[in-house]
Amino acid sequence: FKELFKVSADFEDELARNEENHLLYARMIGTIAKRHQLMALTPQAAARVIERQSRDISDAQKFSTHLRTVADLLKEADFWAKKSGHQVIEAEDIVQTLDAQVERMNRIQMKLYEQIDQGIIMIDVSGSRVGQINALTYLSLGGHEFGIPSRITATTRIGKGEIIDIQRKAEMGGPIHSKGVLILSSCLGSRYASDLPLSIAASLVFEQTYGKVEGDSASSTELYALISSLSGVPIRQNIAVTGSVNQFGEVQPVGGINEKIEGFFDICMHHDPSAEYGVIIPEGNVKHLMLKNEVLEAAKKEKFSIYAVKTIDEGITILTGIEAGEKDKKGEYPADSVNGRVMARLKELSQKTKAYLGRKKEKK
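Given the structure is predicted, the values throughout are model-derived calculations rather than measurements. Residue numbers here run from 1 along each chain, matching the order of that chain's written sequence. At least 70 in pLDDT is required for a residue's local features to be given in this predicted model, at least 80 for side-chain atom pairs to be given and counted, and no such filter applies to totals for whole chains, interfaces and linings, which use all residues. Calculation of side-chain values draws on the structure's entire complement of heavy atoms; hydrogens and water are dropped beforehand.

A. Region of the structure containing helix α5 (residues 107-117). Accessibility here uses a 1.4 Å probe with only protein chains present; expressed as a share of the type maximum, an area under 20% marks a residue as buried, one over 50% as exposed, and anything in between as partly exposed. Secondary structure is summarised from DSSP: a helix means a run of H or I of at least four residues, a strand means a run of E of at least two, and numbering begins at the N terminus for each. Of all the positions in α5, only Gln109, Leu112, Tyr113 and Ile116 are classed as buried. Along the axis of α5, the buried residues cluster in a sector spanning 100 degrees; they form a single face. We call two residues in contact whenever any of their non-hydrogen atoms come within 4.5 Å of each other. Those residues of α5 hidden inside the fold are in contact with β4 (132-141), β5 (144-158) and α9 (257-271). In the stretch just after α5, glycine 119 is the one whose phi turns positive, near 85 degrees. It is the directions from the helix axis to the C-beta atoms whose arc is reported.

Written as structure tokens, this is what we have:
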């Protein structure tokens, strides 16, 4: 290869969204339409195409330069425009094309939604539960990407500081997911067990999953479930969560953010469109938001909220409605805070472990 090609070139497949590039991109859309003998586009239709190209790469500040995708979109939009008797391709023709593309490929997605509606897949979107939380998960099947909520549960008891990843034990968890659990275990220990033994045994699991779980995008979600189980503070089920966590309790960006949010939104709308719902995402993912109009309209009506957080403390405060709590000069958390309740529980477990070992030693 190097003998034949002396100069290598790497072509950029995305561009920054700015006024100049918007104009150039709109001209390119017009050129593609003319080349394929399609009808002209209204400015609103061209804008929808540009929005879609941003959606394809999940970045509100950039758009994709994959021209074949644009050409295929315009050809189908031209068909719908002619069928509707339009003289030009209008924004509604672009929307109809995108909806038709999804409808042709979303059979599995609709089956999963149906199972949630019927209670076969158990997902709560109302009330509060201790040690239970809704994770935002991402699936890609046959070129169709979508999100769906998945229940994560955590239980805690007296032990030797072991956090059991049931997915890994059952050989149903990938290495990245296992790494995420190890990181959240380290985070938990550094936050609460710097001056006393972590005398717990904990179990984490994705409920009702029958395939391999991979990725670390639920590690913050799993940590919230553990904190809830330890503190005894219930978590709001009308809020779903995504985001990975590092050893310092900072929430890190993840992929598939739009599909994840829309998946939970769809499930909530099936349950009760009049209720209030929300999602917690990493702050670093805000620039990737390119959500469908239904979600935006619900957000404007304050029926669906998107909370962007930097840390675990910010997230647990939203999920429980109780302040996470910060350490004072003595290194102690307020007693009525979430962190304070976790510390109280860990001290209780440590004392019980010490008493148990003492009795065991006396018997010998």
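That was the structure; now back to the text.
B. Just the sheet that holds strand β9 (residues 239-241), in detail. Read from one edge to the other, the open sheet built from seven strands follows the order β6-β7-β5-β4-β9-β12-β13, with strand pairing classed as mixed. A single partner strand is all that each edge strand has here, and the edge strands are β6 (162-165) and β13 (304-309). On average, adjacent strands in this sheet sit at an angle of 30 degrees to one another, irrespective of strand direction. Pairing between β9 and strand β12 (residues 277-282): three bridges, direction parallel. From the neighbouring strand, alanine 240 faces β12, where its bridge partner is valine 279. Set on the sheet, helix α7 (residues 175-192) makes contact with β6 and β7 (200-206); between it and β6 the angle comes to about 155 degrees. Contacting β4, β5, β6, β7, β9 and β13, helix α8 (residues 219-231) runs over the sheet at an angle of about 30 degrees to β5. Pairing between strands is defined by DSSP: at least two bridges between the two strands are required. Axis angles are defined between N-to-C directions and span 0 to 180 degrees, where every axis is a line fitted to C-alpha atoms and, for a helix, only to the segment in contact.

C. Local environment of the environment of leucine 67. With respect to the helices and strands, leucine 67 occurs in helix α3 (residues 67-83). A relative accessible area of 41% places leucine 67 in the partly exposed class. Placed 202 residues apart in sequence, leucine 67 and methionine 269 show a C-alpha to C-alpha distance of 35 Å. Filtering out sequence-adjacent residues up to four positions away, leucine 67 remains in contact with Met28 and Ile32.

D. How the structure looks around a nonpolar patch on the surface. On the surface, Phe1, Leu4 and Phe5 cluster together into a nonpolar patch covering about 440 Å² of accessible area. Residue placement: leucine 4 occurs in the segment before β1 (14-16). For patches, a residue must show more than 30% relative accessible area and have no salt bridge; joins then use 9 Å for like charges and 5 Å for nonpolar side chains, namely Val, Leu, Ile, Met, Phe, Trp and Tyr. Here, Shrake-Rupley sampling with a 1.4 Å probe gives the accessible areas, and only protein chains in the shown set may cover a residue. A carboxyl oxygen of Asp or Glu within 4 Å of a side-chain nitrogen of Lys or Arg is what we treat as a salt bridge.

E. Broad picture of the packing of aromatic side chains. Pairing of aromatic side chains requires ring centres within 6.5 Å, counting the rings of Phe and Tyr and the six-membered ring of Trp. Pairs whose planes differ by under 30 degrees are stacked, by over 60 edge-to-face, and all others tilted. Inspection of every chain in the model, using the stated rule, returns four aromatic pairs. Aromatic pair tyrosine 192 and tyrosine 333: ring centres 6.4 Å apart, planes at 55 degrees, arrangement tilted. In this pair, tyrosine 192 is assigned in helix α7 and tyrosine 333 in the loop between α11 (312-320) and α12 (338-363), connecting sequence segments 141 residues apart.

F. Region of the structure containing the pairing of β4. Both β4 and β5 contribute to a ladder of ten bridges, which runs antiparallel. Bridge pairing in β5 links threonine 137 to isoleucine 148. Between the antiparallel neighbours β4 and β5 lie two residues, among them glycine 142 with a positive phi of about 60 degrees. Bridging between β4 and β9 involves two bridges; their strand directions are parallel. By the bridge assignment for β9, alanine 135 is matched with valine 241.

G. Summary view of the packing of helix α1 (residues 19-35) against helix α2 (residues 43-56). Interhelical geometry of α1 versus α2 gives an angle of 110 degrees and a closest axis separation of 10 Å. Classified by the angle between their axes, α1 and α2 sit roughly perpendicular to one another. Across the interface between the two elements, His22, Tyr25 and Ile29 from α1 touch Ala46, Val49, Ile50 and Gln53 from α2. Under the grouping applied here, Gly and all other residues not named as nonpolar or charged are polar, the nonpolar ones being Ala, Val, Leu, Ile, Met, Phe, Trp, Tyr, Cys and Pro and the charged ones Asp, Glu, Lys and Arg. Of the residues contributing to the contact of α1 with α2, the split by class is five nonpolar, two polar and no charged. Any angle that is under 35 degrees is reported as roughly parallel, and any over 145 degrees as roughly antiparallel; angles of 65 to 115 degrees are reported as roughly perpendicular and all others as oblique.

H. Focus on unusual backbone geometry. A positive phi angle, near 55 degrees, is found at glutamine 37, a position not held by glycine. Its identity as a non-glycine residue notwithstanding, serine 58 has a phi of 50 degrees, on the positive side. In this fold, serine 58 is placed in the loop between α2 and β2 (62-64). The class of serine 58 is buried, set by a relative accessible area of 19%.

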